[in-house]
Amino acid sequence: MNPYQEELLDHYRNPRYKGRIQNPDFSSDELNPSCGDRVLIAGKIDKEKITQIAFEGSGCVISQAVASMLAEKSLNATRTQILAFNVETVQNLVGIPLGPTRLQCALLPLEALQNALLRYQKR
Ligand code: FES
């Protein structure tokens, strides 16, 4: 197994930032309609910076491992930085090439996080 696969499995088995945040400033629950897997990401913001983040969800290794990796990367980042994350950001987190189906799995947590932050901006 290459180190990237090991890291993915480690995040899947020992997710960082898994849980629920009381009274979050932002949250979004996203579903992958093709498989029913879901990721909910929530957090708190102080002066544009993510000060707390947590996710819940159920699904495949990629979607849940990326949720954990993304939460780790996003803590202490700014809203603007996170809204600029893209496919490449997710690919770099995963570290191994993903086909179109697996890429959708990997993008589910990013959609949840960015939708939550977009909604927060509108408040
Ligand atoms: Fe459902 Fe990966 S198979 S998100």
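These numbers were taken from a predicted model, which means no experiment stands behind them.

**A short note on the pairing of strand 2 (residues 38–46)**
Where strand 1 (residues 26–31) meets strand 2, six bridges bridge the pair, whose relative direction is antiparallel. Bridging across to strand 2, L31 finds its partner in R38. Connecting the antiparallel pair strand 1 and strand 2 is a turn made up of six residues, with G36 showing a positive phi of about 85 degrees. Pairing between strand 2 and strand 3 (residues 49–58): nine bridges, direction antiparallel. When the sheet's bridge partners are listed, I45 is paired in strand 3 with I50. What sits between strand 2 and strand 3 in their antiparallel hairpin is a turn of two residues, with K47 showing a positive phi close to 50 degrees.

**So, unusual backbone geometry**
In this model, Y17 sits at a positive phi of 60 degrees, which is unusual for a non-glycine residue. Relative to the elements of secondary structure, Y17 occurs in the loop between helix 1 (3–13) and strand 1. Look at K47: it is not a glycine, yet its phi comes out positive at around 50 degrees. Summarising the element assignment, K47 is placed in the loop between strand 2 and strand 3.

**Side note on the layout of surface pockets**
Considered as a void within the structure, the largest pocket measures approximately 160 Å³ in volume. With six residues, the top contributor of residues to the lining of the largest pocket is helix 5 (residues 100–122).

Definitions and limits used
Residues numbered from 1 in each chain as written. Predicted model: local features only at pLDDT ≥ 70, side-chain atom pairs only at ≥ 80, totals over all residues. Heavy atoms only, no water. Pairing = 2+ DSSP bridges. Helix = DSSP H or I, 4+ residues; strand = E, 2+ residues; numbered from the N terminus. 1 Å grid on protein atoms, 1.4 Å probe; cavity = no way out; pocket = protein on both sides within 12 Å on 5 of 7 lines; lining within 4 Å. Points joined across faces, edges and corners; volume = space filled by probe spheres on them.

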